[in-house]
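What follows is each chain in one-letter form.
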Amino acid sequence: MSHLAPNNNRASETIQYGLGGGVWAGSRDHGLEIARQIRSGYLVVNGAMASYEAPFGGYKVSGIGREFGTAGLSAYLELKGVNL
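Residues numbered from 1 in each chain as written. Predicted model: local features only at pLDDT ≥ 70, side-chain atom pairs only at ≥ 80, totals over all residues. Heavy atoms only, no water.

## Here's the deal with the pairing of strand S3 (residues 42-45)
Then, number 1: Two strands pair when backbone bridges link them, and strand S2 (residues 20-23) and S3 are joined in this way by four bridges, in the parallel orientation. Within S3, the position partnered with Gly21 by the bridge is Leu43.
Then, number 2: Between the parallel pair S2 and S3, the chain is carried across by helix H2 (residues 28-35), and the sense of this crossover is right-handed. (Pairing = 2+ DSSP bridges. Helix = DSSP H or I, 4+ residues; strand = E, 2+ residues; numbered from the N terminus. Right-handed = clockwise from strand over helix to strand, strands pointing away.)

As structure tokens, then:
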């Protein structure tokens, strides 16, 4: 169960951008619970360091697609099926 205030939840639904953000919480688990409710492409919980292994990109009008990580590489790969 989230402790996200109803007003904050409504605000995040009406904002048209969603590139990135941060959550500060009393515990890592609680921060993750709140982060899962926010429509943003990249979130940091309790000041965690950013990682180039994690995909980066936005939601809503902040863009689609991802850079970095496996998701970022997929734009440059072509899949091939081979049956033997």
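From this point, the narrative continues.
## Comments concerning the layout of surface pockets
One simple way to see leftover space: roll a probe sized like a water molecule over the atoms.
Then, number 1: Roughly 170 Å³ of volume is contained in the largest pocket.
Then, number 2: Every residue along the wall of the largest pocket is listed here: Leu32, Ala35, Ile38, Ser40, Gly41, Tyr42, Leu43, Val45, Tyr59 and Arg66.
Then, number 3: When residues of the lining of the largest pocket are traced back to their parent elements, those giving at least two are H2 and S3.
Then, number 4: When residues in the lining of the largest pocket are grouped by element, the largest group, three residues, is from S3.
Then, number 5: Its residues assigned to classes, the lining of the largest pocket comprises seven nonpolar, two polar and one charged. (1 Å grid on protein atoms, 1.4 Å probe; cavity = no way out; pocket = protein on both sides within 12 Å on 5 of 7 lines; lining within 4 Å. Points joined across faces, edges and corners; volume = space filled by probe spheres on them. Nonpolar A, V, L, I, M, F, W, Y, C, P; charged D, E, K, R; others polar.)

Remember that the coordinates give geometry; whether it matters functionally is a separate question.
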